[in-house]
Amino acid sequence: KATVSVLYWFMEGSQEDAVDDPNMREGGDVPQTRTTLRFSHALGFSGCDNAQQGRKLIDHINDDNFVYLAGKHVAVYSYDNQKAHRFILKNPKTSRIIAFCVSANRRYIALSEVIHPEPSGGIQVSVYNFSTASKVRELGRGRFPSSTDGYQPPVVALDFSRDNKYLATVTDPPNPYIYLWQLDKQRLAGMTEVHQKVSQISISPWAHWELCTTGTSLLKLWRAQGNQLKSYDPLAKEKQADHKFTCHSWFDSDKLVVGTAEGRVLVIENQELKKVITQTSGGISCLCSVSRGFISGGVNGSICIYERSYDAQYFTSFKVMQCPERLVGSNTMVVDVTISPNEESVVCCYENNEIVQMNLSMIDSIDEGDKTDKHRVFKRLPIGFHHDTVTGVDVCVQRSVLVTASLDRHIRVWNFLKKRVEINKRFDEDVLSVAMHPSGYLLVVGFRFKLCVFVVLANDLQLCHEFPNIKQCREVRFSHGGQYFAAVGNPWSRIVVVNAYTFQPLGSKDNPNGIPLTGHSASVQSIWWSYNDQNLISAGSEGAIYEWKVATGKRVEANESVTKSVNYLCVRYDDDSQMLAALGVHKPAGTERRESGLNEHEITLRTIRFQVDHPPKAPQRLLSKPVTVPSVPSVDNKTLRQPKAVRSCQIAISPLAQTLFVATNDGQLLLYEWPPSDAVKEPQPYSKMEVHHGEILFVVLSLDERYLFTIGAEDKCLFMFEVDIISEGRPVTRKPFPFAAFESVAYVSQQDFNERSRYIAEIRNHNDDLKRRQEAELTVLREENEEELKKVEAETLEEHIAMRTVMEQNMKDAEEARQEVQLKEVAMTELHMKSAEELEALHTKRIEEMEKRHKVLEDEKDDLVVRYENKIHKLLAEIQGEKNQLEHEYRETEQRLLHEVEHLRRGIQDACKSINGMVDLNIQDYIMELDGGPGVEGLHAKWKAIIAEKENQCSLTRTNAALFKTKREKHDKEIEELEAEIENIKKQERQLAQKSQEHLKTNEALKVEIAQRNETISASERKILELKKQTAELEKLRYVLTFKFSELRKEVAPKEEKIKDMNDGIQEMDLQLERIGVERDALQQALGEKDTKIQSLMKGLGGQNKLLDDKERLTEQLLRELTALVSRMGGDDVVGELDDIVKAYSMKYEEEVGTSYEKERALEFSRQKQYMESQLSAIDKSNRQNESYLRHDNQAKTEENAMLVKEINQMRMEKKQLSQRWQQADSQLKALYQRHAKAKEPQVAARPFSAPASKARAGREAGEPRNMKGIVGRGPVKGRLVKGSTRSLKDLTDINPQKLATIVSQVEETNACIKRQGDEILRLKEYVKELLQSAESAGQTTTLPPVDVSSPRFSTVAKKCFE
């Protein structure tokens, strides 16, 4: 980490003279008057030097706006409104933005960010919302792998899925990984390591689990499976080695197009290579898909448009476009393209930091080789900038113009208020410096071998003067008044001041080259003029700051400041505070540096106060210790001494805002209070702004101090800020400078002015000729239109008479049809009255049958309930008896087994006791024997008997033990069998419990079924009531339906004859129109021929008159000469002269007659040719017009006929549907009557009008199910009405009252439509009468009265006929 040291130096006074103010702020506090900067505009885009890496540089967010990276921020530009520029500023915790991508719905943007401090801060991916500019998601922080030294490589490529739920990212080597993030759950869906560098990644728009990656030697497809990504190689390794992949794009769900540096397009379908397309325009740098195909950008600046072909070629080349050279230069590589969502415009980024818009909607109508079409298609957007290091910048005083010079050999003049580039001039050598005159009409430009002065024209720069002695000028600046400019040439230690009006160096009277300002021992890095232009301040790399008197060319020694340890880079002077600020870099060695405690390459900012009266030089003294600010190391002095050096830090002073702007070499803009306070020990900037990525080269202010401009070195961008001054919490209003008063004037060269004047004169003459031709053509057309109008009026009158005849015939037909409909209506009414009576009888009988069946169902329900309850009681009793019996048997068996086991246990204990007693007795006897007591033999005998007895007892005991063991085993088996029986009993008990549960469920189900049957019965009762109500409603509707049906029959009958008559009328009208058209064409042709003959005769007559005039003129001239001859000569001379005169006039006459005859022949031929061409064109035009008129009339008549036929067909269909619905309703109503009568069959005796059912119907009804589903669920039965008989309509129970109401409403609508048609016929009669009356009253030339087709009295058909 390096430091920025801020030191304050004063040239007069002492430390004791400083006044201690108790209200003085300490270092770092915000002053009462402070300045805020707002981003206003940007030129250039970041990443043009990284184009080979395949990163996304630009993308659309809607049809008129696109987004790109500018500096450390994201810029949004609208090319529809070129003054609109918005910015998405980076997070304060973020060091820089590496890459971005926009979502498919254009609502979100994902940014690859590097966190402070680098490189240990880490990386992350943030997703922002465009509308709210708020962060939506933050991914990957702490999840990305790090190298051994803790460095995390940044994310270099991103892409959204089409549904915006997934995001794919890839990191840079040495740890290249692919990550697939699920955004809605903010989790990692899959990842894998890649062993090669990836330049682009994308997700398939049709499947979010499919990805594609490309690198220089890498092309792979990936599929997400679980938490892993499985790779697929569409090409073999041998084939991949033949290509250098640059970009790719998805076309559809199974096609992928890949571009290579060799100029080949690979078409991959279903993970297989299908086609290789070779592009003739060179390598491919970028691709973008559209609906018709795709667009590729070439290395040589070409833009190729491919269209999809549904064959083996897949894609064909449609157009190859090249941007005009004057816009972007020649063979400039296209680094990125983006297409608007409506696919009407394409925005292209070029490697020279230019952005061009191409109108895609005009591609079909342009020619590839036409330069005019290219200029219409391509449009350079005014946000481009230099693509190399900027070497000079200056702001005009009177005009809102900023001029920049760069090592790309371009000079740009940019209007920062109108947001446009006025001049972009390229030179043949490097431009090292530039300065603009305060008026804005002169430029001083420093080149390698000369210094030139240019005049600023309206759209160009014109050379005015050269200074060949001033070479390699790296610093040049105009004075505030514009009368001088100072330049630093080679050697760089001298300064030359030149008069801007005479272009003579100061002091050139004594010396032709002028007297330079010499005194610096090293190169001069910066110069600045005082406000009154009398003094000049310079700063050199040896650490010296000098003030010069321009008039004398001498230094002001009282204001000298020399610090040998500092290499000054920039100096600025403030006349209000009479102080200057100098910025420099500390040198590698020096005692002063070691004494001050500053490190090598540290940047120092020194503030020096000048003496006004210039007393003797006072010693310098340090008033405060250095204050360090984080920065990055600067460049060394060797680099700074080169002509192409990059000055890493700049400053600007705003006296109005009381702010010192300091630009650092890490892209920060620091704002200090100005002038600095003496009491502040450690001054700190009250505001910091992250602007550029890398060092800032220049910081300049406009004259009114309303705008601040910064230029970056690495990002190749220019930022424009609006400076807002806030004093005591309120914004300070400033009067803007009147730039518009000076911008209305521009210089134009005399040559351009003359060319434009000549061009304007030619255009005016051409316009006059066109006006004369147009007037002549209008006269001819007016006469033709009058004749045509008369013919059309006559034809219209004839058509009117024919239409009147047709209308009278239609009226007669309508009257006859109305009478027929009335007769049929009466007949249908009588017929339907009879049918309704029959339906009523059937309905009554059906209701009685339904009531009887309902009673039977109730009885069955009661029987089922009683039987089910008895069965349940019986089952419960059986289950309880079986359970008690099993429990009793189990207890008896258990007690018996326990008693036997206890008896055996007691027998074993008694046997053990007896055996123990015998053993003790035997031991005592044996002891007695050993002692040899008396009766040994007796004892032997006794013990023998005892032993024999014991042996018998032992054998008996063994026998008993064997029996007991057998018995015990038997008991064990019995116990096991009993346990098995107990388990079986328990199983049976569980089964019985399950059966009990099943019986309970069955009981519940039966109860539910009983309830359902009760509901069914109640529903049947309700249905019966509804049927009764429907019967009453049908009785009411009977007459209405009968009447409507009869009216429909009457209306439909006469339509066919009417259609036939109309077709005949249409055919007659077509024949008449054809005949009239033929006659009209014949008349027009005859008139044209007569006019042509008249014109030819008139022209011939004119020629004859001209010949006669020429002969008379020659005769008169001959007579005059003969008279003169007679008067001046006599004798023999008269004959010779007369002979000469006769010969001369005879030859002259023959020549004139011959030439006139040839001219007449040529003129006559041209006239005849012109006449024939005009006649042919007129005939062709009239034929086309007649054909269009006839086609239009035939089409109108055909449409009218089709509409009438369609209406009649619709009415026929409605009639057929109504008749079917009526028959269906009739049959359903009769079936309803029958079912109702059957339901009330037990009450037949009480019903005197119920008829007995037939055997077939009784058989059918006997087979019906008991529930109501068989009755309600059947569809309608089709049939027809038969007079005087009743029919079985058993499917009428599903009749819907709404359906009947719909039928009735349709019938009423049909009748209303018929009535409206009759009224319309009457209105048409009245209208025809009005037409006839108007025609009779006005005569032959009367026009028809206007028809108000918007009136509600005309139907749709009538309106279309009138139209």
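None of these values were measured; they are calculated from a predicted model. (Residues numbered from 1 in each chain as written. Predicted model: local features only at pLDDT ≥ 70, side-chain atom pairs only at ≥ 80, totals over all residues. Heavy atoms only, no water.)

1. Here we look at the packing of aromatic side chains
For any two aromatic rings, the description comes down to two numbers: the centre-to-centre distance and the angle of the planes. In this structure the tally under the stated criterion is 26 aromatic pairs. Relative to F721, the ring of F39 lies with its centre 4.7 Å away and its plane at 55 degrees, an arrangement referred to as tilted. Taken as a pair, F39 in strand 2 (residues 33-43) and F721 in strand 59 (residues 718-727) lie far apart in primary sequence, 682 residues in all. Since its relative accessible area comes to 0%, F721 is described here as buried. Connected via pairs of aromatic rings, a cluster forms that spans F416, Y707, F709, F737, F739 and F742. The ring of W206 has R162 lying over it, and the distance from NZ or CZ to the ring centre is 4.9 Å. The positively charged end of R474 is found above the aromatic ring belonging to W492, 5.0 Å away from the centroid. (Phe/Tyr/Trp six-rings, centres within 6.5 Å; stacked < 30°, edge-to-face > 60°. Helix = DSSP H or I, 4+ residues; strand = E, 2+ residues; numbered from the N terminus. Buried < 20%, exposed > 50% of the residue type's maximum accessible area, 1.4 Å probe, protein only. Lys NZ or Arg CZ within 6 Å of the ring centre and 35° of its normal.)

2. Thoughts on the pattern of salt bridges
Taken as a whole, this structure holds 28 salt bridges when the rule is applied. With a shortest N-O distance of 4.0 Å, R264 and E262 are connected by a salt bridge. By relative accessible area, R264 is classed as partly exposed at 23%. Taken together, the salt bridges that share partners define one network made up of D252, D254, K255, E269 and R308. (Salt bridge = Lys/Arg side-chain N within 4 Å of Asp/Glu carboxyl O.)

3. Notes on the pairing of strand 11 (residues 155-160)
The buried fraction of strand 11 is high, at six of six residues. In this sheet, strand 12 (residues 166-171) lies alongside strand 11 in antiparallel orientation, the contact comprising five bridges. Looking at strand 12, one finds that A157 is bridged to V170. As consecutive antiparallel partners, strand 11 and strand 12 are separated by five residues, and within that stretch N164 has a phi angle of approximately 65 degrees, a positive value. (Pairing = 2+ DSSP bridges.)

4. A closer look at the sheet that holds strand 33 (residues 410-415)
Taken together, four strands build an open sheet; the order of strands is 31-32-33-34 and the sheet is antiparallel. Either end of the sheet is taken by a strand with one partner, and the two such strands are strand 31 (390-395) and strand 34 (420-426). On average, adjacent strands in this sheet sit at an angle of 15 degrees to one another, irrespective of strand direction. Judged from the six bridges that link them, strand 33 and strand 34 form a sheet pairing that is antiparallel. Following the sheet pairing, V413 is matched in strand 34 by I423. (Axes fitted to C-alpha atoms, helices over the stretch in contact; angles between N-to-C directions.)

5. Digging into unusual backbone geometry
Residue P174 is reached from P173 by a cis peptide bond, and omega for that bond is 15 degrees. Following W674, the chain continues into P675 via a peptide bond in cis, with omega recorded as -5 degrees. Mapped onto the secondary structure, P675 falls in the loop between strand 55 (668-673) and strand 56 (687-690). Here Q186, not a glycine, exhibits a phi torsion of approximately 55 degrees, which is positive. Mapped onto the elements of the fold, Q186 is located in the loop between strand 13 (177-182) and strand 14 (187-193). The exposure class of Q186 is partly exposed, given its relative accessible area of 43%.

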